[in-house]
Amino acid sequence: MLKRTLLTGLLAAITACLLVGCNQETRYGQEVGRAAPVSQSAATAGERFSAGERLFSQYCSPCHPDGGNVSDPRKSLRSSDLKANHITRPQDIVRIMRNPGSRMMRFDVTTISDADATAIAEYIMTSFKN
Ligand code: HEC
């Protein structure tokens, strides 16, 4: 049981590390040692959101300002359009980033890692309501 908790903590630390660039090693090291997965996941959720927000403005907002779509208003990132276009889970958005339609640029895994792509997708799904 303890082993499992430590493992979960370690995984969370690695994920957080990928998201924020590994410059908080000491703090995560201490959290893993303390085996406190609750506070750890809370910190991770906040960090994921800000990472998603930052990456979204860097890569997506030129064509999707405020979750809109400058060239196709029916394909915005707002929840009503996403739903109408059968995009219901973060991984659906990641899939589009990897294989977009003809007018959107492609973001491969060397440009945006899977962890970062998921953070962007989660940011989109929690931020742009109707
Ligand atoms: C060069 C402009 C451009 C950029 C940059 C861009 N997109 Fe798009 N996106 C589009 C266009 C245009 C469409 C409509 C489909 C098509 O023609 O490719 C679209 C469609 C989408 C859709 C489908 C929306 C729907 O309602 O069907 C998603 C999800 C999406 N983009 C996510 C992203 C994410 C995430 C990023 C940043 C990582 C991004 N896009 C960056 C232009 C862009």
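Below or above, wherever it landed, is the structure these notes cover. Only a predicted model underlies this, so the values are computations on that prediction, with no experimental measurement involved.

1. A closer look at the overall build of the protein
Inference 1: The helix and strand inventory of the protein stands at six helices and zero strands.
Inference 2: Of the regular secondary structure in the protein, the N- to C-terminal order runs α-α-α-α-α-α.
Inference 3: Scored against the burial criterion, the 130 residues of the protein give a buried share of 33%.
Inference 4: Long-range pairs, those at least 24 residues apart, make up 53% of the contacts in the protein between residues at least 6 apart in sequence.
Inference 5: Surface exposure of the protein reaches about 8,100 Å², of which carbon and sulfur atoms provide 59%.

2. Quick word on the pattern of salt bridges
Inference 1: Evaluated as defined, the whole model comprises six salt bridges.
Inference 2: Among the salt bridges present, the one from Asp72 reaches Arg103, with a minimum N-O distance of 3.0 Å. You can see Asp72 sitting in the loop between helix 3 (37–59) and helix 4 (79–84) and its partner Arg103 sitting in the loop between helix 5 (90–98) and helix 6 (114–127), a full 31 residues away along the chain.
Inference 3: Judged by relative accessible area, which is 6%, Asp72 ranks as buried.
Inference 4: Among the charged side chains, a network of salt bridges with common partners joins Asp72, Arg74 and Arg103.

3. What about the nonpolar core?
Inference 1: Of all hydrophobic cores here, the largest spans 17 residues; its most connected members are Phe56, Ile93, Met97, Ile120 and Ile124.
Inference 2: By residue number, the principal contributor to this core is helix 6, which donates five residues.
Inference 3: Filtering out sequence-adjacent residues up to four positions away, Ile120 remains in contact with Gly52, Leu55, Phe56, Cys60, Met97 and Ile112.

4. Brief notes about the environment of Ile96
Inference 1: Topologically, Ile96 is positioned in helix 5.
Inference 2: Classification of Ile96 by relative accessible area gives partly exposed; the value is 26%.
Inference 3: A C-alpha to C-alpha distance of 8.9 Å links Ile96 and Phe107, two positions 11 residues apart in sequence.
Inference 4: Look past the residues within four positions of Ile96 in its chain and what remains in contact with it is Ile87 and Met104.

5. A few points about the coordination of the iron atom of the ligand
Inference 1: Within the protein, the atoms that donate to the iron atom of the ligand are His64 (NE2) and Met104 (SD), at distances of 2.0 to 2.3 Å.
Inference 2: One can describe the donor arrangement at the iron atom of the ligand as octahedral, given that its six donor atoms subtend angles of 84 to 179 degrees at the metal. Here His64, found in the loop between helix 3 and helix 4, pairs with Met104, found in the loop between helix 5 and helix 6; they are 40 residues apart in sequence, far enough to count as distant.
Inference 3: Residue His64 is classed as buried on the basis of its relative accessible area of 11%.

6. Description of the site of the ligand
Inference 1: The ligand sits among 23 residues. The nearest are Cys60, Cys63, His64, Ser76 and Met104.
Inference 2: Here a nitrogen atom of the ligand and a side-chain polar atom of His64 are 2.8 Å apart.
Inference 3: The contact in question runs from an oxygen atom of the ligand to an N or O atom on the backbone of Ser76, over 2.8 Å.
Inference 4: Taken together, the elements giving at least two residues each to the shell around the ligand come down to helix 4, helix 5 and helix 6.
Inference 5: Among the residues forming the shell around the ligand, the class breakdown is 13 nonpolar, seven polar and three charged.

7. Considering the packing of helix 5 against helix 6
Inference 1: Close contact between helix 5 and helix 6 brings their axes to 8 Å; oriented N to C, the two are set at 120 degrees. By the angle class used here, helix 5 and helix 6 are oblique. Along this stretch, helix 5 crosses helix 6, giving a crossing that reads as right-handed. Contacts from Pro90, Ile93, Val94, Met97 and Arg98 in helix 5 reach Asp114, Ala117, Thr118, Ile120, Ala121, Glu122, Ile124 and Met125 in helix 6.

Rules used throughout
- Residues numbered from 1 in each chain as written.
- Predicted model: local features only at pLDDT ≥ 70, side-chain atom pairs only at ≥ 80, totals over all residues.
- Heavy atoms only, no water.
- Helix = DSSP H or I, 4+ residues; strand = E, 2+ residues; numbered from the N terminus.
- Buried < 20%, exposed > 50% of the residue type's maximum accessible area, 1.4 Å probe, protein only.
- Contact = heavy atoms within 4.5 Å.
- Areas by Shrake-Rupley, 256 points an atom, 1.4 Å probe, with all protein chains shown as cover.
- Salt bridge = Lys/Arg side-chain N within 4 Å of Asp/Glu carboxyl O.
- Core = buried A, V, L, I, M, F, W, Y, C linked by side-chain atoms within 4.5 Å.
- Donors = N, O, S within 2.8 Å, 3.2 Å for Na, K, Ca; no water.
- Tetrahedral: all angles 85-135°; square planar, octahedral: opposite > 155°, others 65-115°.
- Near = heavy atom within 4 Å.
- Polar contact = N/O pair within 3.5 Å; in protein donor to acceptor, adjacent residues only side chain to side chain.
- Nonpolar A, V, L, I, M, F, W, Y, C, P; charged D, E, K, R; others polar.
- Axes fitted to C-alpha atoms, helices over the stretch in contact; angles between N-to-C directions.
- Parallel < 35°, antiparallel > 145°, perpendicular 65-115°, else oblique.
- Left-handed = near helix turned anticlockwise from the far one by under 90°.

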